[in-house]
Amino acid sequence: MPLAAGTSTTIEQLAIDTIKTLAMDAVQEANSGHPGTPMALAPVGYALWTRHLRHNPRDPGWLDRDRFVLSAGHASMLIYSLLYLTGYDLTLDDIRRFRQWDSRTPGHPEYGHTPGVETTTGPLGQGVANSVGMALAERWLANRYNRPGHDVVGHRTYALCSDGDLMEGISHEAAEIAGHQGLGKLTWIFDDNRITIEGGTDLATVTDQSQRFQGYGWHTVTVEDGTDLDAIDAALLAARAETERPSLIVLRTTIAEGSPNMAGTAATHGAPLGLDEIEATKRNIGYPSLEPFHVEPAALEHWRRAAAGRAAHQEAWTRRFEAYRADFSELAAEFEAVMAGELPDGWDQALPDLSSAPATATRNHSGKVLQGAASALPTMLGGSADLGGSNKTDIVGSGDLLRDNPGGRIVHFGVREHAMGAIMNGMALHGGIHPFGGTFLIFSDYMRPSIRLAALMGLPVTYVFTHDSIGLGEDGPTHQPIEQLAALRAIPGLLDLRPADGPETAEAWRAALTYREGPSFLALTRQTVPVIERGPGRPSADQLHRGAYVLRDAPDGSALDAVVVASGSEVGIALEAREQLANENIGIRVVSMPSWHLFSAQPASYQEQILPRHVLKVSLEAGSTMGWERWVGSEGTSIGIDRFGASAPFQEIYRQYGITANAVGDAVRRQHLRKG
């Protein structure tokens, strides 16, 4: 119903108020959600998207668009309103179906689900760290592909963050990296509303964020009134003018701004305002209608016209790119290919042949394979969490990626595993980069939230996890992973790869770099593993791509009495057990299972062929036995470690914990006797 008087006084205010009303109405209709923050951020959303952000609603994937990250993902109705109002492929009906089954407006923004959403956010701190990866990728690609007079990569990255984002430890890690790298095209807008779910932020923090970020080497500016469009505009212009440092805009806002009875209260953070307060708010701000989901035609026309003006940047860029293509055809073709995620033809021919490699740790094999892959894939960037020498993740001769060397390929993440994972996600989301990062397997726990989001978004990033068992020895139980393999294998879409020797390690890298459905990890040893004979008549390591394969069958003339299935460093122990049992006329098949994920994807007929249903099975892995019953069955035996490790030479730990050929033999004999 129309209101009699008191309408919004300007077209800009009407456009801003439309975000507020859509946020209130959508949360009320869903009976859940977060209305207060989108209401407070409506002015900065308007200023950024109509005056500064270079984007094209008709082409959300334009390569040189500015990236916008709503790190405060609970405020999802802000970005859904912005996407709808500016003309992305999102309708008012989609807004009405906020938070409903199969809708395109889920509770938190999801990458690949809603056009225009650059990353999945909600777990606070992840989005701002993603934005660092995006800005780092932009700078690296600009250094590689731009030429004098031809700037084909030159966009900015904006992230809108909350108090909660900046409380999370990952924000400290990521912000420090961004300041150290001098990412001048990165801007974070901090919604300083001083409200958390439990009440005022003074219950948990009194940090001066401006001073904190200045300490990180950031440029900071404060806007005291979050409704002042001119002040917001000036702050965004100041951030753009700063080219040597990332910028933090501290934006002082009032949560649920416009609500006459609830503005500034924690009650508006995560619950509907209620029909009476929504009506009161619409009257208070002078909105032209009280009807739910009403969008004034004049406001919609204003939004769409402003978006068309921003889209004109793409037309100019397209003309520049065609001129670039004319002058640098090979570079242009390469740029388009890497942005599409394509691998160059024959790239894997650069992977070394490790069939004759001497016995060594699989981390050493991995380091050699990485050098070959990096030589063929110039946009492979990565490093480690201060463990490059241990993880073997340095790309020889490529240089360090630093503010003074923006074309380097070794990223020094420092002792910041969590941010490393999220920054890798940001690089992959940006496109054009295949990121990798290394740490000890035990410290995958520090980056697990970022790994989970990489899997949720289906991002092709690669983790190099070395020191993958008690085999690391004397460092002891704090550094010895037990439950980590089981926990990582539980993440949907994450490709697990635990190779047993050099050839399997080469194939593991091939699998990781061609896996496009999500992230992958290599679990690699510190200790030396034996050389597995793979000559004529022996199975090739390329069987790794099926997840599991028969490495050695029962000796000729022997019945198949049991199957021993192992991964990584324990495959050699399984082979030793096979030889021992052969002397007792017990026929053993040894199955190498480097990847549960790949084996799970095989047809049931292949799985039955490798692990026959009615044959006794024993699993062997120097980690938690959790989950192995899936492969050995209720009658099988799982040999592993379900307690914490110890400090000693690795050979002694393996003996004390029963990860030995004798233990395998005993398990097989017990089963064999029961069967008999």
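See the structure shown above.
Anyway, here's the lowdown on the structure attached to this text. All figures in this text were calculated on a predicted structure; none of them were measured in a lab. (Residues numbered from 1 in each chain as written. Predicted model: local features only at pLDDT ≥ 70, side-chain atom pairs only at ≥ 80, totals over all residues. Heavy atoms only, no water.)

1. Considerations on the environment of Gln 580
Then, number 1: Structurally, Gln 580 is set in helix α19 (residues 570–582).
Then, number 2: If we skip the residues at most four places from it in the chain, Gln 580 touches Ala 661 and Asn 662. (Helix = DSSP H or I, 4+ residues; strand = E, 2+ residues; numbered from the N terminus. Contact = heavy atoms within 4.5 Å.)

2. Observations concerning unusual backbone geometry
If a residue is not glycine, its phi is most likely negative; likewise, a peptide bond is most likely trans.
Then, number 1: Phi at Asn 31 is positive, roughly 60 degrees, even though this residue is not glycine.
Then, number 2: The exposure class assigned to Asn 31 is exposed, which follows from its relative accessible area of 59%.
Then, number 3: With phi around 55 degrees, His 467 is a residue other than glycine that occupies positive phi space.
Then, number 4: With respect to the secondary-structure elements, His 467 resides in the loop between β12 (462–466) and α17 (484–489).
Then, number 5: Residue His 467 is classed as buried on the basis of its relative accessible area, which comes to 4%. (Buried < 20%, exposed > 50% of the residue type's maximum accessible area, 1.4 Å probe, protein only.)

3. Observations regarding the nonpolar core
When a protein is soluble and globular, its nonpolar side chains tend to lie buried together.
Then, number 1: The biggest cluster of nonpolar side chains holds 71 residues, and the ones touching the most others in it are Val 132, Trp 188, Trp 218 and Tyr 463.
Then, number 2: The biggest single contributor to this core is helix α5 (residues 126–145), with 11 residues. (Core = buried A, V, L, I, M, F, W, Y, C linked by side-chain atoms within 4.5 Å.)

4. A few points about the pattern of salt bridges
Then, number 1: One pass over the structure, following the stated rule, counts 35 salt bridges.
Then, number 2: Ionic pairing is found between Glu 12 and Arg 51, a salt bridge with its closest N-O pair at 3.0 Å. Of the two residues, Glu 12 sits in helix α1 (residues 11–30) while Arg 51 sits in helix α2 (residues 36–51), which places them 39 residues apart along the sequence.
Then, number 3: Taking relative accessible area as the criterion, Glu 12 reaches 26% and is therefore assigned partly exposed.
Then, number 4: Bridged by salt links that share partners, the residues Asp 468, Arg 489, Asp 496, Arg 498, Glu 570 and Glu 621 form one connected network. (Salt bridge = Lys/Arg side-chain N within 4 Å of Asp/Glu carboxyl O.)

5. Section: the sheet that holds strand β6 (residues 219–223)
Then, number 1: Taken in spatial order, the five strands of this open sheet run β1-β2-β3-β7-β6, and their pairing is parallel. Sheet topology places β1 (67–70) and β6 at the edges, where each strand pairs with a single neighbour. Ignoring which end each strand starts from, the neighbouring axes of this sheet average 15 degrees apart.
Then, number 2: Relative to strand β3 (residues 186–192), strand β2 (residues 157–161) runs parallel, the two being bridged by five bridges. Within β3, the residue paired with Tyr 158 across the bridge is Thr 187. (Pairing = 2+ DSSP bridges. Axes fitted to C-alpha atoms, helices over the stretch in contact; angles between N-to-C directions.)

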